[in-house]
Amino acid sequence: MGSNMAECHPVAFRWPMKAKLNGAKIIHVDPRFTRTSAVADFHVPIRAGSDIAFLGGLINYVVHSDKWNKDPFFKEYTVHYTNLATIVNEDYKDTEDLDGVFSGLAAYKEPDFWPFNGNLGRYDNKTWQYERGPKPAGPSTEEIIKKRGSFDDLLHSLRKGTAKTDPTLQHPRCVFQLLKKHFSRYTPELVEQICGSPKEKFLKVAEALLENSGRDRTTAFAYAVAWTQHTYGVQIISCCALLEQLTGNMGRPGGGIMALRGHSAIQGSTDVPTLYHSIHGYMNAPSAVRPHDTLRDYLAAETPPTGYWANGPKWMVSYLKSVYGDAATPENDFGYDWHPKILGDHSHIACFAAMNEGKIKGAVVVGQNPATSLNGTATRRALRQLDWLVVKDNWLTETATHWYLAPEVKSGETKIADIKTEIFFFPSTQIAEYDGSFTNTQRMLQWHSMAAKAPGDCRTDSWFYHNLAKRLKKAYADSKLPRDQGWQKVTWDFDPDPGEAPLYPGEISALKVLREINGYVTGNPKQHLKGFGELKDDGSTTCASWIYCGCYPAPDQNLTARREPDPPGVPGAHLKWGWAWPANRRNIYNRASADLNGNPWSERKRWVWWDQHFVNPPDPKTGKPIPPGKWVGYDVPDFTLTMPPSHQGKPDGIIMEPLSGTDAFIMRPEGKGWIFVPSGLVDGPFPTHYEPHESPVQNLLYPKQQSSPVHKVWSQGKPWNPLAAAVGDPKYPYVITTYRLTEHYLAGAMSRWLPWLSELQPELFIELGRGLAKEKGINNLDYVIITTPRSHVRAKALVTDRIGVMKVAGKTIHHVGMPWHWGWMGLSTGDVVNDLTSWVGDPNVSIHEGKAFVCNVERA
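Just so you know, these numbers come straight off a predicted model, no measurement behind them.

**Student:** Account for the layout of surface pockets, naming residues and giving values.
**Tutor:** Considered as a void within the structure, the second largest pocket measures approximately 540 Å³ in volume. Lining of the second largest pocket is provided by 28 residues; of these, Thr377, Arg380, Pro407, Glu408 and Asp835 occupy positions nearest its centre. Elements with a contribution of two residues or more to the lining of the second largest pocket: α18 (376–383), α20 (407–410) and β24 (792–800). Per element, the largest residue contribution to the lining of the second largest pocket is four residues, and it comes from α18.

**Student:** Please give an account of the sheet that holds strand β11 (residues 422–427) that cites residues and values.
**Tutor:** Pairing is parallel across the open sheet formed by three strands, whose spatial order is β9-β10-β11. Edge positions in the sheet fall to β9 (362–366) and β11, since each has one partner strand and no second. Direction aside, the axes of adjacent strands within the sheet are offset by 10° on average. Examined bridge by bridge, strand β10 (residues 388–393) and β11 share six bridges and lie parallel to one another. What sits directly across from Val390, in β11, is Phe424.

**Student:** Talk me through helix α21 (residues 461–476); I want residue IDs and the actual numbers.
**Tutor:** Here α21 spans 22 Å end to end across 16 residues, near enough to the 22 Å set by a 1.5 Å rise per residue. Taken together, the buried residues of α21 touch β9, β10, β11 and α22 (485–489).

**Student:** Just give me the short version of the nonpolar core, but keep the residues and values in it.
**Tutor:** Core analysis: the biggest nonpolar cluster contains 132 residues, and Phe54, Leu55 and Met316 have the highest contact counts within it. Sequence-distant contacts of Phe54, that is, excluding residues within four places in its chain, are made with Met1, Val29, Val44, Ile46, Val191, Cys195, Ser197, Phe202 and Val205. With 31 residues, the next largest nonpolar core counts Phe116, Leu374, Ala400 and Ala749 among its residues.

**Student:** Provide a residue-level description of the environment of Lys314, including the pertinent values.
**Tutor:** Structurally, Lys314 can be placed in helix α16 (residues 312–324). Classification of Lys314 as partly exposed rests on a relative accessible area of 25%. For the pair Lys314 and Thr541, spaced 227 residues apart in sequence, the C-alpha to C-alpha distance is 8.7 Å.

**Student:** Can you explain the sheet that holds strand β12 (residues 436–439)? Please cite residues and give values.
**Tutor:** Taking strand neighbours across the sheet as the criterion, the three strands line up as β12-β13-β17 in an open arrangement whose pairing is antiparallel. Looking at strand neighbours, the two that pair on one side only are β12 and β17 (579–580), the edges of this open sheet. Inspection of the sheet shows strand β13 (residues 444–448) paired to β17 by two bridges, in the antiparallel sense. By the bridge assignment, Leu445 is partnered in β17 with Trp579.

**Student:** Quick one: what's the story with a nonpolar patch on the surface, residue by residue and with numbers?
**Tutor:** A contiguous nonpolar surface patch, about 510 Å² in accessible area, is contributed by Val364, Trp388, Phe424, Phe426, Tyr465 and Leu468. Elements with a contribution of two residues or more to the nonpolar patch: β11 and α21. Inspection of the secondary structure puts Trp388 in strand β10. For Trp388, a relative accessible area of 35% puts it in the partly exposed group.

**Student:** Outline empty space enclosed by the protein, supporting the account with residue identities and numerical values.
**Tutor:** Within this structure, the stated rule accounts for four cavities of 30 Å³ or more. In this model, the largest cavity occupies a volume close to 340 Å³. As for the largest cavity, its lining consists of 27 residues, of which Gly2, Ser3, Asp30, Ala226 and Lys851 are closest to the centre. For the lining of the largest cavity, the secondary structure elements donating two or more residues are α12 (225–228) and β21 (734–739). When residues in the lining of the largest cavity are grouped by element, the largest group, three residues, is from β21. Along the lines of polarity and charge, the residues of the lining of the largest cavity split into 10 nonpolar, 10 polar and seven charged. What the second largest cavity holds in volume is close to 50 Å³. For the second largest cavity, the full set of lining residues is Phe102, Tyr232, Gln235, Asp683, Phe686, Pro687, Thr688, Tyr690 and Ser708. Of the residues assigned to the lining of the second largest cavity, the class counts are five nonpolar, three polar and one charged.

**Student:** Now, about unusual backbone geometry: what can you tell me, with residues and values included?
**Tutor:** For the bond from Trp581 to Pro582, the omega torsion is -5°, close enough to zero to count as cis. You can see Pro582 is positioned in the loop between β17 and β18 (608–611).

**Student:** Please give an account of the packing of aromatic side chains that cites residues and values.
**Tutor:** Considering all chains together, one arrives at 37 aromatic pairs under this definition. Here Tyr92 and Phe676 contribute two aromatic rings whose centre-to-centre distance is 5.4 Å and whose plane-to-plane angle is 85°, an arrangement assigned as edge-to-face. Here Phe676 lies in the loop between β19 (630–633) and β20 (712–713) and Tyr92 lies in the loop between α6 (72–81) and β3 (105–107), a separation of 584 residues in the sequence. With a centroid separation of 5.3 Å and an interplanar angle of 70°, the aromatic rings of Tyr324 and Trp338 are classed as edge-to-face. Here Tyr324 is found in helix α16, whereas its partner Trp338 is found in the loop between α16 and α17 (348–356), with 14 residues between them in sequence.

About the cut-offs
- Numbering of residues begins from 1 in every chain and follows the order in which that chain's sequence is written.
- Restriction of local features to residues with pLDDT of at least 70 applies here, the model being predicted, together with a cutoff of 80 or more for giving and counting side-chain atom pairs; totals for whole chains, interfaces and linings are based on all residues.
- The basis for every side-chain value is the complete set of heavy atoms in the structure, and neither hydrogens nor water enter the calculation.
- A pocket, in this scheme, is an open set of points on a 1 Å grid over the protein atoms alone with protein on both sides within 12 Å along at least 5 of 7 lines, while a cavity is a set where a 1.4 Å probe fits but cannot get out; residues line either one if an atom lies within 4 Å of a point.
- Grid points are joined across faces, edges and corners, and a volume is the space filled by probe spheres set on the points.
- Secondary structure is summarised from DSSP: a helix means a run of H or I of at least four residues, a strand means a run of E of at least two, and numbering begins at the N terminus for each.
- For two strands to count as paired, DSSP must find a minimum of two bridges between them.
- In this analysis an axis means a line fitted to C-alpha atoms, helices contributing only their contacting stretch, and an angle means the value between N-to-C directions, from 0 to 180 degrees.
- Helix span is expected to be 1.5 Å times the residue number reduced by one.
- Residue contacts are counted whenever heavy atoms from the two residues lie within 4.5 Å of one another.
- Here, nonpolar core means buried Ala, Val, Leu, Ile, Met, Phe, Trp, Tyr and Cys residues that are tied together by side-chain atoms lying within 4.5 Å of each other.
- A 1.4 Å probe rolled over the protein chains alone gives each residue an accessible area, and that area as a share of the maximum for its type sets the label: buried under 20%, exposed over 50%, partly exposed in between.
- Patch membership requires over 30% relative accessible area and the absence of a salt bridge. Like charges are linked within 9 Å, and nonpolar side chains (Val, Leu, Ile, Met, Phe, Trp, Tyr) within 5 Å.
- Accessibility throughout is a Shrake-Rupley quantity obtained with a 1.4 Å probe, and a residue counts as covered only by protein chains that appear here.
- In what follows, salt bridge is the name for a side-chain nitrogen of Lys or Arg lying within 4 Å of a carboxyl oxygen of Asp or Glu.
- Polar here means any residue outside two lists: the nonpolar Ala, Val, Leu, Ile, Met, Phe, Trp, Tyr, Cys and Pro, and the charged Asp, Glu, Lys and Arg; Gly therefore counts as polar.
- Two aromatic rings from Phe, Tyr or Trp, using only the six-membered ring of Trp, form a pair when their centres are within 6.5 Å; if the ring planes differ by under 30 degrees the pair is stacked, by over 60 it is edge-to-face, and anything between is tilted.

Here it is in structure tokens:
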């Protein structure tokens with residue numbers, strides 16, 4: 001679902017095809033019949049943007065099925081490994097109680113200092129919390145912060161009372177009863193009405209899911225950006241995670257959810273982030289508008305007291321040591337005050353909204369092509385407001401040439417003489433022209449070496465940032481301003497060592513960067529850390545990214561460069577091929593692959609198990625003997641290795657102490673997977689069907705709440721982001737979705753310059769069904785004009801049976817689809833499809849809604 005894996009991730013799709021040869025069923029739920037559909041056992045059509053209704057229907061079907069209620073496996077898994085039995089606050093109100101919204105909804109007003117967050121509303125999640133026993137006695141968090149107490153004391157002060165549970169699942173406020181109520185109206189009939197998916201096909205999926213879930217079988221979901229690019233994209237994925245937990249598929253071989261990344265290192269760019277809101281290892285970025293005044297304030301706001309995430313002080317301090325080196329000391333909070341702090345939403349669209357209003361003066365664009373990006377007309381307008389723009393890319397992209405070749409310039413609407421922006425272009429190397437690493441879809445780091453020298457004056461990204469950083473340090477060296485102390489204190493030691501020849505003049509040592517990411521003993525860079533279990537919160541360890549700690553455990557052991565597969569016939573995890581975070585673990589939360597007693601759920605699904613006879617060496621720190629028993633298996637166990645299944649946690653402890661031997665989801669504070677999400681998501685504790693911001697139909701489930709009450713709309717009311725006037729706007733009657741082709745890549749900057757790829761897909765097209773084509777008098781290969789409130793584009797018609805008409809809410813709804821790889825540069829050129837899209841998006845991660853909006857189609 002949410003993916004055309006065969007065409008958009010063809011290398012990865014070899015594995016589902018191998019599974020199919022072994023007897024696995026492949027199901028494809030998608031608005032189009034694609035090459036993925038063609039090799040699937042069956043395809044189910046679905047209206048773009050209605051995935052939560054479909055998944056919610058599966059959830060409702062599962063909890064009322066005979067198999068789920070009679071097979072003890074499901075209750076054993078969900079009661080003990082998830083929060084299904086946990087009791088929720090008595091003040092909580094569901095969307096079923098409040099006509100489509102949860103309790104805690106409030107109005108939102110943009111702050112004057114950064115009025116570009118885009119929120120329509122905001123939830124206070126206080127009523128979503130668990131019902132708990134009394135809080136443990138001890139000093140308050142405020143007291144600990146004030147007296148600069150130890151980080152362990154801070155964690156103790158954060159302890160809450162024990163969450164109340166009902167293992168019988170009968171309490172009216174336990175998560176199971178709330179879930180049944182929340183999804184009770186997601187019937188097969190309603191799914192058909194909302195999604196346009198035929199009832200009999202939906203039921204076939206539901207039965208296949210149940211048939212392939214249990215002790216001996218598992219089901220996996222794979223998704224891509226057709227799940228993320230919505231105003232509720234995160235909730236679609238959350239809904240699938242809920243379903244996979246409910247059916248006992250999470251943490252088990254052949255189960256779980258695979259996020260199909262659209263680039264060989266996109267996973268790496270969120271791990272070691274190019275994102276505004278997080279720093280390394282998914283720690284939240286310090287913020288000037290949250291209670292992050294001091295390091296202890298930050299840790300109190302961002303660190304749970306229990307579960308593995310409670311190791312946050314060790315990760316954060318080691319990160320700060322990596323940034324500021326010897327200047328980071330306990331007395332100055334390890335340089336925390338020097339660290340940059342965000343003001344709000346600094347995501348792509350938010351920044352371009354600010355740029356449009358003159359709030360951003362300059363931009364550096366590397367490996368991105370915003371001139372062909374979201375609401376392209378508004379984006380290019382924003383670029384024209386800049387004083388300066390740096391573009392670093394392989395070719396002169398649309399972003400580099402927008403000032404003289406953009407559609408509005410060519411038409412005369414914008415005069416070149418009126419554009420004040422000074423633009424610099426830096427020619428860039430290709431991936432194969434330098435050393436480095438990829439982190440792919442399955443969190444695997446794989447080292448690559450330079451294959452060829454770059455031509456001419458091309459430079460690597462690392463060269464660019466390395467030399468820019470050295471110049472900035474020099475520029476700020478003599479400053480007396482407090483704000484510049486951070487740059488003065490930053491450590492920057494990435495030049496090759498004497499005798500180590502750089503790949504290019506001024507180039508870094510890539511292995512030095514990997515060492516910094518992996519971590520080492522402070523003061524001794526040659527003593528690499530072997531894993532994140534060695535990190536300390538006293539400044540004695542330096543580590544940029546805790547999740548990557550262990551990938552380079554010694555100067556002569558770059559584990560990311562390994563390429564040794566498992567021998568044939570071994571049902572293993574290929575642990576010697578590259579290195580996967582965390583700890584080279586290939587299947588996270590794999591404690592859930594064993595039952596309560598530590599035995600595999602079945603021999604067929606054996607993965608990780610408790611070996612009660614394993615003889616452990618003495619504790620390396622104390623020398624004391626460790627009782628027999630250890631978690632072993634084909635994978636690296638995701639659990640405390642010597643904690644037996646019978647272990648009872650210490651209720652008054654911190655970090656891992658309170659967790660028992662059956663608390664499999666160790667990153668959660670209570671060790672349980674979250675079916676109900678009390679915090680972390682800003683748009684609700686349960687997934688809920690809402691319509692896209694632009695939709696041809698009314699919300700059948702909640703007529704009073706058409707779309708998510710907290711989704712984002714940037715530049716509201718501004719002329720550069722017009723939106724459809726109403727639900728079912730007759731000017732724009734058709735649903736449009738964008739997609740990718742195998743032969744082109746993203747906005748085309750890596751494919752439209754290549755003659756063989758341009759020959760394979762030479763021209764922009766729109767895919768539409770035969771019914772709509774007949775209605776509009778459009779023949780195959782006719783030129784067509786596609787219009788939205790933002791813009792219009794011209795494309796050739798591809799009339800097919802693969803996309804078409806469906807009945808939704810009693811209306812006949814036509815779908816159309818367009819690839820978005822074109823622009824005005826390169827060997828193959830065409831109109832910019834993203835000019836049609838709008839600046840609306842998801843409230844959790846600010847991704848745009850590019851997979852479901854409305855348009856009109858006319859013969860040109």
